[in-house]
Amino acid sequence: MTNDEVVMLREHKMTALREAREAYRQSMLEPEQSELGSLFAGRRSKFQAAVKAAEAELRLFNLEHPRA
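Predicted, not measured: the structure shown is a model, and the values here were computed from it.

A. Focus on the nonpolar core. Counting five residues, the largest nonpolar core is built from Leu-17, Ala-20, Val-51, Ala-54 and Leu-58. Elements with a contribution of two residues or more to this core: helix H1 (3–29) and helix H2 (37–64). At three residues, the largest contribution of residues to this core is made by H2.

Printed below as a string of C-alpha cells:
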C-alpha cells in the first residue's frame, strides 16, 4: 500500500469517526418523551456503539500503519 493510499484511508476513517460522533451528539439533543424514551435510548445506544467501533477501527489502523 502506498503512502498516499494510507493517508487517504486514514482520512476516510477519521471522517467516519467525526460523523459517528456528530450523530451521537445530535441524538443527545433530541428531547426525551416518555412514550418514545426507549426508542431514543435505543438510537443513542446504536450511535454510541458506532462511535466506539469507529474509534477502535482508527486505532487499529494507526497501529498497523504508523505515521512516518
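B. A look at the pattern of salt bridges. On inspection of all chains with the given rule, the structure shows three salt bridges. The shortest N-O distance in the salt bridge between Glu-57 and Lys-13 comes to 2.5 Å. Residue Glu-57 is located in helix H2, and its partner Lys-13 is located in helix H1; the two are separated by 44 residues in the primary sequence. On the basis of relative accessibility, which here comes to 15%, the residue Lys-13 falls in the buried class.

Definitions and cut-offs
- Residues numbered from 1 in each chain as written.
- Predicted model: local features only at pLDDT ≥ 70, side-chain atom pairs only at ≥ 80, totals over all residues.
- Heavy atoms only, no water.
- Core = buried A, V, L, I, M, F, W, Y, C linked by side-chain atoms within 4.5 Å.
- Buried < 20%, exposed > 50% of the residue type's maximum accessible area, 1.4 Å probe, protein only.
- Helix = DSSP H or I, 4+ residues; strand = E, 2+ residues; numbered from the N terminus.
- Salt bridge = Lys/Arg side-chain N within 4 Å of Asp/Glu carboxyl O.

Note that all results are geometric; they support no functional claim without further evidence.
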